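A look at the structure
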Amino acid sequence: MFVNSRPKTLFITSFILLFFFLIVTGLTLMENTNSLDKAVGVSLYRFAELDRFFIFLSHIGSRIFFYPALIAISIVLFLKKNWSLAAFLWCNLVGVRLLNTFLKSIFTRERPSLEHVVEAGFYSFPSGHSMNSMAFFGAFAILVLLLPISKWLKVSLFSFFVLLILSIGISRVYLGVHYPLDVLGGFLMGLAWLLFLSGVWMKLGEKNKNLFSIHNNG
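In this report, the structure presented in the accompanying data block is examined. (Residues numbered from 1 in each chain as written. Predicted model: local features only at pLDDT ≥ 70, side-chain atom pairs only at ≥ 80, totals over all residues. Heavy atoms only, no water.)

**Notes on the nonpolar core**
For clarity, the threshold we go by: In these notes, a set of buried Ala, Val, Leu, Ile, Met, Phe, Trp, Tyr and Cys residues joined through side-chain atoms within 4.5 Å is what counts as a nonpolar core. With a 1.4 Å probe rolled over the protein chains alone, any residue whose accessible area is under 20% of its type maximum counts as buried; one over 50% counts as exposed, and the rest are partly exposed. Counting from the N terminus, the helices are DSSP H or I runs at least four residues long and the strands are E runs at least two residues long.
With 51 residues, the main nonpolar core has Phe88, Leu89, Phe136 and Phe137 as its most contacted residues. The set of elements that each furnish at least two residues to this core consists of α1 (7-29), α3 (51-60), α4 (63-79), α5 (83-107), α6 (128-146), α7 (151-174) and α8 (180-204). Per-element tally for this core: the top contributor is α8, with 12 residues.

As structure tokens, then:
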């Protein structure tokens, strides 16, 4: 469990995920796998009459939701004087968004030529919605493990966040704005970023046992 993890373990896991991300990157550059990726994307494009549902999920995985939600959460954390957790969540979100923009500018993979159901700009790999959602909602999935609640509720909430992240990724392929490998790459890099930042935060807070506490620090 994350609660028993050490910074070194998180760093190692992060670099393993980075390695797999590089493998996925390589697959996008190979003609055979690239063609297969595009074919799978076409088969999943609007595979059912669920446009409104997947558009909604896509909005949940965007800055339209992230920033207002984090502002509201930060207000609660500030009232509880839990500055460190608020700072971690903001570094996590802003950092992963900047990293995604940087990676897209390097790989410059074009988006699918399908008709986009939602507006999408810039490059395709890795998927920003997938990467950002993995980092943003993944952070709350981790915090659920630290909550003093029943095991059943922990499993339920953790599963909810995992399902939400996966669904947001699927929505991007359904809506015709990403290929499956874009989404997979986004998931891998988003989780790598989250675990790396968590390790850094733990290192910084080794003398502060409450760095990841969700309780009132006042």
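**Section: the side chain of Thr25**
Which entries qualify depends on this criterion: Here a residue-residue contact requires only that any non-hydrogen atoms of the pair lie within 4.5 Å.
Mapped onto the fold, Thr25 is located in helix α1. In this structure, Thr25 is in contact with Phe107 and Phe125, ignoring residues within four places of it in sequence.

**Things to note about the packing of aromatic side chains**
Threshold: Two rings belonging to Phe, Tyr or Trp (six-membered ring only in the last case) form a pair when the distance between their centres is within 6.5 Å. Interplanar angles under 30 degrees mark stacking, angles over 60 mark edge-to-face geometry, and anything in between is tilted.
Enumeration over the complete set of coordinates arrives at 22 aromatic pairs. When the ring of Phe137 is compared with that of Phe161, the centres are 6.4 Å apart and the planes differ by 25°; the resulting orientation is stacked. Residue Phe137 is located in helix α6, and its partner Phe161 is located in helix α7; the two are separated by 24 residues in the primary sequence. Of the two residues, Phe137 and Phe161, neither departs from the other in class, the shared state being buried. Cluster of aromatic residues (ring-pair linked, three or more members): Phe65, Phe66, Phe136, Phe137, Phe140, Phe160 and Phe161.

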